[in-house]
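Read off the chains here:
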Amino acid sequence: MTAQKMPVIPPARTRVAPSPTGDPHVGTAYQAVFDLAWARATGGAFVLRIEDTDRAREVEGSEAQIYDCLDWLGLTPDEGPRTGGPVGPYRQSERLDLYRRYAEELVAAGHAYHCWCTPERLADLRAEQAAAKTAKTGYDRCCLGLTRDERARMPGFAETPVIRMLVPDDAPGEFTDLIRGDVKTPFPDDQVILKADGFPTYHLAVVVDDHLMGITTAVRGEEWISSTPKHLLLYRWLGWTPPAFAHMPLLRNADKSKISKRKNPAARLAWFREAGYLPEALVNFLELLAYPGVHPDTEVQTFAEFMGAFDWAKVNTTGPIFDLTKLDWLNGAHIRALADDDLAARIIAYWDETGQTFPATGRLDPARVVREAVPIMKERLTTLADAYPMIDFLLAPDDDLTLEDEALAGLPGDTTDALDAAVTALAGVDDFTAEAVQQALRTALVEGLSLKPKVAFAPVRVAITGRRVSPPLFESMAILGRDACLARLLALRAKTVVTPS
Ligand code: GLU
């Protein structure tokens, strides 16, 4: 850090803390965008912590997917299980001794107690409370103050106890959030902090880890607001300063429901990559969810621009609607901002990733075709997935091009003369550029046969592309080259020749 550029704000340490319970959720990336922006804006660090304490819900391979997705988006953490760092381990399952130690410490200090109630007893208790509509719900402190032997003589006893917080009457009822200002919270219950299997619950683990990992700003979903007083109590008891909290709004579907992987494919982070979105477009889209754009005239912006103007106070608390139409638009804009070589490389990489196969023509190098076709595709692409269907005719074998029924039906009755004239004219074009092709066809068909351009070029378009509507025709022909064009024109002629009856 240079002497003249001292930051006003101390370097922030932020973290994203997903659980490896399946395909990574888009909400993880959403939080990571804000985490990284704040860490970078203040010259701090962005940490990845894997919250793998719910062993029943763990899904094999999902941790690796979290790294892949964050890397793909350019949101690579500075510290984490894979990269390492000074305050690891970064996987909660490797920190169990720590949580146990602090839980025992809280018991010894009288802030927490053992509870031997069976799950059945707790379920009965909840049902009774619900039936009686009691104002005070939550655990009834049946085990509080009892020794194991005393409790064992009572019904609903489980061999292995959990540890619960002993929430005092003066538990915090509000806190100040970076985004929301002063937030009122419900009175907490005697939350379990250590489970019977020796694993911590989220509440203990998040406090211990955020403290020991030096997290200054805890960015998380708004569903954790009501848990914050429990965390503040733990900080108080352990004698630690809590981080600042930033509770992000929940992402919502168009019908305002919470985005879930069951209901919306776009809740799966990998879906965006599979669907051919650019990572920078998705990041741009996530930046704009509940947050104003940087530029007055366009919503297209870079992460550096977003980060440079970052301010928590600008986050809107109304759940942003996940509007994929806007993402489509942004994606198109980012595609057009790419250099042609870069776009071609991304299309090829996308085909590799999605296992795109090509007809064996023996003459075509898909990478060359894509590179040459970028100028005719760029304006028309919404996603990378649009590229193949747009130019598959360029990659097809000349004698086995699919001719759309609709395209054939739209042709005038007899196209023989036009196709013959086109073949003759093109056979004489040595320098097969789009301009030369256009000129030759114009001379032969429009002038030579006195056809209107629309009528003249329709059979040529169908012969070359198999379609009624296609990317620019003459440019496509130049990419194909003379031999392929002649072969295609002759193939259509053979198909459509009117045999005298
Ligand atoms: N594992 C928690 C979640 O995925 C983390 C919440 C937090 O960031 O504190 O919701």
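Scroll up for the structure.
Analysis parameters
- Residues numbered from 1 in each chain as written.
- Predicted model: local features only at pLDDT ≥ 70, side-chain atom pairs only at ≥ 80, totals over all residues.
- Heavy atoms only, no water.
- Helix = DSSP H or I, 4+ residues; strand = E, 2+ residues; numbered from the N terminus.
- Contact = heavy atoms within 4.5 Å.
- Areas by Shrake-Rupley, 256 points an atom, 1.4 Å probe, with all protein chains shown as cover.
- Lys, Arg positive; Asp, Glu negative; His and termini not counted.
- Charge placed at Lys NZ, Arg CZ, Asp CG, Glu CD.
- Pairing = 2+ DSSP bridges.
- Axes fitted to C-alpha atoms, helices over the stretch in contact; angles between N-to-C directions.
- Near = heavy atom within 4 Å.
- Polar contact = N/O pair within 3.5 Å; in protein donor to acceptor, adjacent residues only side chain to side chain.
- Parallel < 35°, antiparallel > 145°, perpendicular 65-115°, else oblique.
- Left-handed = near helix turned anticlockwise from the far one by under 90°.
- Nonpolar A, V, L, I, M, F, W, Y, C, P; charged D, E, K, R; others polar.
- Core = buried A, V, L, I, M, F, W, Y, C linked by side-chain atoms within 4.5 Å.
- Buried < 20%, exposed > 50% of the residue type's maximum accessible area, 1.4 Å probe, protein only.
- Expected span 1.5 Å × (residues − 1).
- Phe/Tyr/Trp six-rings, centres within 6.5 Å; stacked < 30°, edge-to-face > 60°.
- Lys NZ or Arg CZ within 6 Å of the ring centre and 35° of its normal.
- Salt bridge = Lys/Arg side-chain N within 4 Å of Asp/Glu carboxyl O.

**Q** Quick question: what am I supposed to make of the overall build of the chain here?
**A** Check the secondary structure of the chain and you find 20 helices and nine strands. Dimensions of the chain, computed from the C-alpha atoms along their principal axes, are close to 105 × 65 × 40 Å. Restricting to contacts in the chain with at least 6 residues of sequence separation, those with at least 24 account for 76%. By element, 53% of the accessible surface of the chain is carried by carbon and sulfur atoms, the whole surface being about 23300 Å². Here the chain holds 54 positive side-chain charges and 70 negative ones, and the gap between their average locations is 5 Å.

**Q** Help me out: how do you make sense of the sheet that holds strand S4 (residues 157–165) in this one?
**A** Adjacent strands of a sheet form backbone hydrogen bonds with each other and so pair up, either parallel or antiparallel. Across the sheet, which stays open at both edges, the three strands sit in the order S3-S4-S7 with antiparallel pairing between neighbours. Two strands in the sheet have a free side with no partner beyond their single neighbour: strand S3 (112–117) and strand S7 (192–194). On average, each strand axis in the sheet is tilted by 55° relative to the strand beside it, whichever way the strands run. Two strands pair when backbone bridges link them, and S4 and S7 are joined in this way by two bridges, in the antiparallel orientation.

**Q** What exactly am I supposed to notice about the site of the ligand here?
**A** If you check the shell around the ligand, you find Arg15, Ala17, Ser19, Glu51, Tyr202, Val206, Val219, Arg220 and Trp224 and nothing else. In the model, an oxygen atom of the ligand is placed 2.7 Å from a nitrogen or oxygen of the Arg15 side chain. About the coverage of the ligand: the protein hides 81% of its 300 Å² of free accessible area. Residue assignment for the shell around the ligand shows that the elements contributing at least two residues are helix H6 (202–212) and strand S8 (217–221).

**Q** Even after reading the chapter, I still don't get the packing of helix H13 (residues 366–377) against helix H14 (residues 387–395), so can you show me in this structure?
**A** Between two packed helices, both the angle of their axes relative to each other and the distance between the axes serve to describe the pair. Contact geometry of H13 with H14 gives a least axis separation of 10 Å together with a crossing angle of 120°. When the axis of H13 is compared with that of H14, the two are oblique. Regarding H13 and H14, the two cross each other, and that crossing is right-handed. Note on element contacts: H14 touches H13 through Ala387, Met390, Ile391, Leu394 and Leu395, opposite Pro366, Val369, Val370, Ala373 and Met377. Residue composition of the contact of H13 with H14, grouped by class: ten nonpolar, no polar and no charged.

**Q** Any chance you could explain the nonpolar core here in plain terms?
**A** Most often, soluble globular proteins have nonpolar side chains that are buried together. Met377, Leu426, Leu441 and Met477 are the most contacted members of the largest nonpolar core, which totals 60 residues. Counting only elements with at least two residues in this core, the list comes to helix H12 (340–354), H13, H14, helix H16 (416–427), helix H17 (434–448), helix H18 (453–465), helix H19 (473–480) and helix H20 (482–496). The element best represented in this core is H14, accounting for seven residues.

**Q** Could you clarify how one ought to interpret helix H11 (residues 324–337) in this entry?
**A** Residue pairs three or four apart in sequence face the same way in an α-helix, which turns once every 3.6 residues. Under the 1.5 Å per step criterion, the end-to-end length of H11 is 20 Å for 14 residues, consistent within 8% with the ideal 20 Å. Taken residue by residue, H11 has Leu327, Leu330, Asn331, Gly332, Ala333, His334 and Ile335 as its buried positions. For H11, the elements touching its buried residues are helix H8 (269–274), helix H9 (279–287) and H12.

**Q** How should I be thinking about the packing of aromatic side chains in this particular structure?
**A** Given two aromatic rings, their pairing is described by the distance between the two centres and the angle made by the two planes. Counted by the stated rule, this structure contains 25 aromatic pairs. On the numbers, 5.5 Å between centres and 70° between planes, the contact of Phe306 with Phe310 is edge-to-face. Ring centres of Phe457 and Phe474 lie 5.3 Å apart, and the angle between their planes is 85°; on these two criteria the pair is classed as edge-to-face. Linking Phe457 in helix H18 with Phe474 in helix H19, this pair joins segments that are 17 residues apart in sequence. Each of the two residues, Phe457 as well as Phe474, counts as buried. What links up through ring pairs into an aromatic cluster is the set Tyr30, Phe34, Trp38, Tyr291, Phe303, Phe306, Phe310 and Trp312. For Arg164, the ring lying beneath its charged end belongs to Tyr139, and the centroid distance is 3.8 Å.

**Q** Honestly, the pattern of salt bridges in this entry has me stumped. Any pointers?
**A** Working definition: two side chains of opposite charge can pair if their charged atoms are close together. In total, this model carries 33 salt bridges according to the counting rule given. When the shortest N-O distance is used, the salt bridge between Arg49 and Glu51 registers 3.1 Å. Residues joined by salt bridges that share partners form a network here, namely Arg15, Arg49, Glu51, Arg95, Asp209 and Asp210.

**Q** Mind showing me how you'd approach the packing of H12 against H13 here?
**A** At a closest axis distance of 9 Å, the pairing of H12 and H13 adopts a crossing angle of 125°. Here H12 is positioned oblique relative to H13, judged by the angle of their axes. When the axes of H12 and H13 are compared, the crossing they make is right-handed. Packed against H12, whose contacting residues are Asp340, Asp341, Leu343, Ala344, Ile347, Ile348 and Trp351, the element H13 presents Pro366, Ala367, Val370, Arg371, Val374, Pro375 and Met377 at the interface. Its residues placed into classes, the contact of H12 with H13 shows eleven nonpolar, no polar and three charged.

**Q** What exactly am I supposed to notice about the environment of Leu269 here?
**A** With respect to the element layout, Leu269 can be found in helix H8. Counting along the chain gives 155 residues from Leu269 to His114, while the straight-line C-alpha distance between them is 40 Å.

**Q** Help me out: how do you make sense of the side chain of His247 in this one?
**A** Looking at the element boundaries, His247 is found in strand S9 (residues 244–248). A distance of 2.7 Å separates polar atoms of two side chains, one belonging to His247 and the other to Asp177. Setting aside residues no more than four positions away along its own chain, His247 makes contact with Phe175, Asp177, Ile179, Arg180, Arg220, Gly221, Glu222, Trp224, Ile225 and Thr228.

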